Amino acid sequence: MAGFINIGFGNIVNRDKIVAVVSPDAAPVKRMVQQGKEEKIVIDATQGRRTKAVLVTQEGFLVLSALQPDTIGKRLHAEKIIEENKKNEKQLANEWSETIKNKKVEVKAKDGITLRGTQYIKDESSNKWAIILHGYRSTPNSIISIGMHFSKEGYNVLIPSMRACSESDGEYIGMGWLDKEDLQCWINLIIKQNENAEIILHGSSMGAATVLMASGKDLPTNVKAIVADSGYTSVWDIFASEAKARFNLPTFPILNMFEIVANVRANYDIKEASALEQVKNNKTPILFIHGDADDFVPEYMCEELYEAANCKKDKLIVHDAGHTDSKYKEPETYYNKIFEFLGNI
C-alpha cells in the first residue's frame, strides 16, 4: 500500500515515488523546471505561493511545493513512523474490540433523529467512563484505538457515530454545533445507567470541536475532564482557513453564502458555532492536543483555545504530527500525557 506525504495545502504525493527533494534556487534546478514546464511534466502544488522545493519522482515528474526541502524531509521521516504505528494500533484495536464485551446503544436527538453507538464494557461495576468522538465524515473505527487505551486504564467506553455519519441518522453534519446537543444525550444515557459515573470526553477534530462547544453549557458534574485533539476555534474560522489555504479564496462572498445555506437547511449559524466562545465559560478541566504539522486545523487555533479557556488546563504539542496524528507520531507521549492529566484532576 502506498504511503503519502502532505507537501502543503492539502496536496499529497506518493512518498515511495520521490527520489529527490531539492532547492529551486540553483541554476541547474531552475533550468530543469523550465524545461519540465515546456515538456508538461511539472505539477505545481504551491497554491500560488513561492516555490521553495522541487520534488523529483521516479517517473520524471517535477512537483513544486511551497514548503522548504528540510520540512518535507522531516515529514517524510515522520510519516513513516506514523504509518507504522497506525498499522500496529489498528491491529491491536481490532483484536480488542472483538474480545471485549460490547453492546449497541441508541438515543434520540433533540430533533428526533436516531443516534447510534457502541459501548465497550471493561467492568460493569466501574464508575469510570470515556466518550470518544470521531471527526468530520469519519467513523468510529478511526478512533477505536483511543477507546482501547482508555479501556486498558479501566474505563468503560462509549463510541458514538456522529449525526449524518456511519450508523447514525441525520441529513446534515453538525460541525460540532449540532453535535454538542447530541453529546448531552449520550452523557445522559450513561448517567441513567450509572448515576455515579465519572465521565471523560475525548474528541478528535470535529469531535474535539464538539466537546469544546459542549463545555460552555452547564455540563453534569459527572463530566470530570475534556481531551480535545486537533480542535478548531469555530466553524466560520475553519471554513475560512480552508478556503484560503486550499483555494486562495476570500471569505466574502463564499462563507456568507454558506452561512445562509446552513441557517436554512441545517438550522444553525456558522458564526455562532464557536468553540472559542464556549471555552471562555467552561469550568471543566481541558487537555488540548495538537500536531505542529497540522495543515488542516492550524496549530494557532489550539493556542487561541488554550489561552481562552478559563479552567484548569494543559496542552501537548507534538512535533511533526499532522492532523489528529499525534497519537501515532508519539503514542507513548500522547497517552502518558492524557492519563497523567486525568490523574491530577
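The rules behind the values
- Residues numbered from 1 in each chain as written.
- Predicted model: local features only at pLDDT ≥ 70, side-chain atom pairs only at ≥ 80, totals over all residues.
- Heavy atoms only, no water.
- Helix = DSSP H or I, 4+ residues; strand = E, 2+ residues; numbered from the N terminus.
- Buried < 20%, exposed > 50% of the residue type's maximum accessible area, 1.4 Å probe, protein only.
- Contact = heavy atoms within 4.5 Å.
- Areas by Shrake-Rupley, 256 points an atom, 1.4 Å probe, with all protein chains shown as cover.
- Lys, Arg positive; Asp, Glu negative; His and termini not counted.
- Charge placed at Lys NZ, Arg CZ, Asp CG, Glu CD.
- Pairing = 2+ DSSP bridges.
- Axes fitted to C-alpha atoms, helices over the stretch in contact; angles between N-to-C directions.
- Left-handed = near helix turned anticlockwise from the far one by under 90°.
- Nonpolar A, V, L, I, M, F, W, Y, C, P; charged D, E, K, R; others polar.
- Salt bridge = Lys/Arg side-chain N within 4 Å of Asp/Glu carboxyl O.
- Right-handed = clockwise from strand over helix to strand, strands pointing away.

Draft legend 1. Highlighting the overall build of the protein chain. Along its length, the protein chain carries 11 helices and 14 strands. Across its three principal directions, the C-alpha atoms of the protein chain cover 70 × 45 × 35 Å. Across the 345 residues in the protein chain, those meeting the buried criterion constitute 55%. Once local pairs closer than 6 in sequence are excluded, the contacts in the protein chain between residues at least 24 apart make up 69%. Here the protein chain has roughly 16,000 Å² of accessible surface; of this, 50% comes from carbon and sulfur atoms. Measuring between centres, the 42 positive side-chain charges of the protein chain sit 2 Å from its 47 negative side-chain charges.

Draft legend 2. Region of interest: the sheet that holds strand S4 (residues 42–44). Across the sheet, which stays open at both edges, the 4 strands sit in the order S3-S5-S6-S4 with mixed pairing between neighbours. Whereas interior strands pair on both sides, the edge strands pair on one side only; in this sheet they are strand S3 (18–22) and S4. Shown here is a sheet whose adjacent strand axes are inclined to one another by a mean of 20°, direction ignored. Sheet analysis places strand S5 (residues 53–57) next to strand S6 (residues 62–65), joined by 4 bridges and oriented antiparallel. Among the inter-strand pairings, Ala53 is bridged to a residue of S6, identified as Ser65. Sitting on the sheet, helix H1 (residues 27–38) touches S3, S4, S5 and S6, and the angle it makes with S6 is about 115°.

Draft legend 3. Region of the structure containing the packing of helix H2 (residues 69–99) against helix H3 (residues 144–152). Look at H2 against H3: their axes get within 9 Å of each other, and the N-to-C directions meet at 65°. H2 and H3 meet at a crossing whose hand is left-handed. Listed contacts from H3 to Glu89, Leu92, Ala93, Trp96 and Ser97 of H2 are Ile144, Ser145, Gly147, Met148, His149 and Ser151. Tallied by class, the residues present in the contact of H2 with H3 amount to 5 nonpolar, 5 polar and 1 charged.

Draft legend 4. Here's a closer look at the pattern of salt bridges. By the definition in use, this model includes 17 salt bridges. For Glu181, the salt bridge is made with Lys110, and the minimal N-O distance between the two is 3.1 Å. Taken together, the residues Glu181 in helix H4 (residues 179–193) and Lys110 in the loop between strand S7 (101–108) and strand S8 (114–121) connect sequence positions 71 residues apart. Each of Lys110, Lys180, Glu181 and Lys217 takes part in a single network of salt bridges with overlapping partners.

Draft legend 5. Region of the structure containing the pairing of strand S9 (residues 128–133). Of all 6 residues making up S9, 5 are buried, and the element is well covered by its neighbours. The handedness of the S9 to strand S10 (residues 156–160) crossover, carried by H3, is right-handed.

All we've got here are geometric facts, nothing functional implied.
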